[in-house]
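Residues per chain are reported as follows:
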Amino acid sequence: MNPDPMNPLGYLFAAFLAFWVVFFIYAIFMARRQSKLRADIEALKKEMDERKRKA
Amino acid sequence: MTQDSLPGRTTLLSRVFLALAFIGILVSLALIFLWVPDERQQGAVYRIFFFHVPAGLLSFAAFAVVFVASIAYLWKNNRAWDMVAHSAAELGVVFATLSLTTGSIWARPIWGVWWTWDPRLTTMLILWLIYVGYLMLRAYGADDTRVSRFASVVGIIGFVDVPIVFFSIHWWRTQHPQPVLAPGGNFGLTPEMTVTFLIALAALAFLSAHLLLERLALRRMSADVKEIRQALSAEEGA
């Protein structure tokens, strides 16, 4: 073991920051997919309503 | 399990998991930064391990879910299992990425390098690459039955690497620290460190359970949208 005497706390905070940044990126990725699906569902509902009116 | 038994939107269980994860993460962060003592040789940097090790363990758990769900899909030919496998693989890759990233940041001040071709690190990187490949394969045709079957085979064969990663520190000479909680582990955890580690592990396990349920709900919604679109197109053609 050869601990870096320069700034070990910097590495500690970098690791925790990286950990949560990766999580937030994944959360944003999921939220975007969810909003896209909701938009698709809304479009489909409108299309179905349109068809019912025409029928 | 039927496709209809999968949650279509955020369930109460998923919210309970999120609440437990939130509380657990706050408690574990407080314990990590305010309670546990510094490690004798590594000083404060060793605290990375409180999230690095659970991330690695949870990636193994997620890949185990992929393994079981892929076998069940090939056996029962039920798309619900395929959705479980796909969702778990995504979560496993996220946790494996977290484990590799935090491990690399820990290695720099302790080993003096960001990366070394150590058996544990190399086998973990191979595991990550296998499941990134799995997700790339799924991206080409998430709802194509042939792609699903091929991906299931990759998910089953890829799992072979999990025990290799786990036992690599016993089978080969390695720089990686020995297991922290396994019988005979000599990492030298104090009772405070053990309690903090278990709380962090539980918190991240609740978070992963929440994310898995949410991802499954999205996968189900996506399949429903596709089915409705196909029905509408068929109606239009008739």
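Below, the structure is looked at part by part. Throughout, residues of each chain are indexed from 1 in the direction in which the sequence is written. Working convention: letters from A go to chains and numbers from 1 go to ligands, in the order in which they are written. This being a predicted model, a pLDDT of at least 70 is required before a residue's local features are given, and a value of 80 or more before pairs of side-chain atoms are given or counted; all residues contribute to the totals for chains, interfaces and linings.

Put simply, DSSP marks the helices as runs of H or I at least four residues long and the strands as runs of E at least two long, and each gets a number from the N terminus on. Within chain B, the regular secondary structure consists of seven helices and zero strands. When the elements of chain B are put in sequence order from the N terminus, they spell out α-α-α-α-α-α-α. With C-beta atoms placed from the backbone, a contact is any residue pair whose C-beta atoms sit within 7 Å. Within chain B, contacts between residues separated by at least 24 positions form 79% of all contacts whose residues are at least 6 apart in sequence.

Listed per partner, the contact involves 22 residues of chain A and 28 residues of chain B. Amino acids outside the nonpolar list (Ala, Val, Leu, Ile, Met, Phe, Trp, Tyr, Cys, Pro) and the charged list (Asp, Glu, Lys, Arg) are all regarded as polar, and Gly is one of them. Tallied by class, the residues present in the side of chain A that touches chain B amount to 16 nonpolar, two polar and four charged.

Phi is positive for asparagine 77 of chain B, which is not a glycine, with a value near 55 degrees. Along the chain, asparagine 77 of chain B turns up in the loop between α2 (49–76) and α3 (79–111).

A separate point is the packing of α3 of chain B against helix α4 (residues 119–140) of chain B. Residue and element names in this part refer to chain B. Under this scheme, a helix contributes an axis fitted over its contacting stretch, all axes are lines through C-alpha atoms, and angles between N-to-C directions fall in the 0 to 180 degree range. One way to put it is that α3 packs onto α4 with a least axis distance of 9 Å and a crossing angle of 145 degrees. In the packing of α3 onto α4, the handedness of the crossing is left-handed. Across from His86, Ala89, Glu90, Gly92, Val93, Ala96, Thr97, Ser99 and Leu100 in α3, the residues of α4 making contact are Met124, Leu125, Leu127, Trp128, Tyr131, Val132, Tyr134, Leu135 and Arg138. A breakdown of the residues in the contact of α3 with α4 according to their chemical character gives twelve nonpolar, four polar and two charged. A crossing counts as left-handed when the near helix is turned anticlockwise from the far one by less than a right angle, and as right-handed when that turn is clockwise.

By convention the nonpolar core is taken to be a set of buried residues drawn from Ala, Val, Leu, Ile, Met, Phe, Trp, Tyr and Cys and joined through C-beta atoms within 7 Å. Whether a residue is buried, exposed or partly exposed follows from its count of other C-beta atoms within 10 Å of its own C-beta, namely 20 or more, 12 or fewer, or something in between, respectively; the C-beta atoms are built from the backbone. Counting residues in each nonpolar core, the largest one holds 70 residues, and the members touching the most others are Ile48, Val66, Val84, Ala88 and Tyr131 of chain B. Broken down by secondary-structure element, the contributors of at least two residues to this core are α1 (8–54) of chain A together with α1 (12–35), α2, α3, α4, α6 (161–171) and α7 (191–237) of chain B. Considering every element that reaches this core, the biggest residue donor is α3 of chain B, with 18 residues. Beyond its immediate sequence surroundings of up to four residues, tyrosine 131 of chain B is in contact with Phe63, Ala89, Gly92, Val93, Ala96 and Gly158 of chain B.

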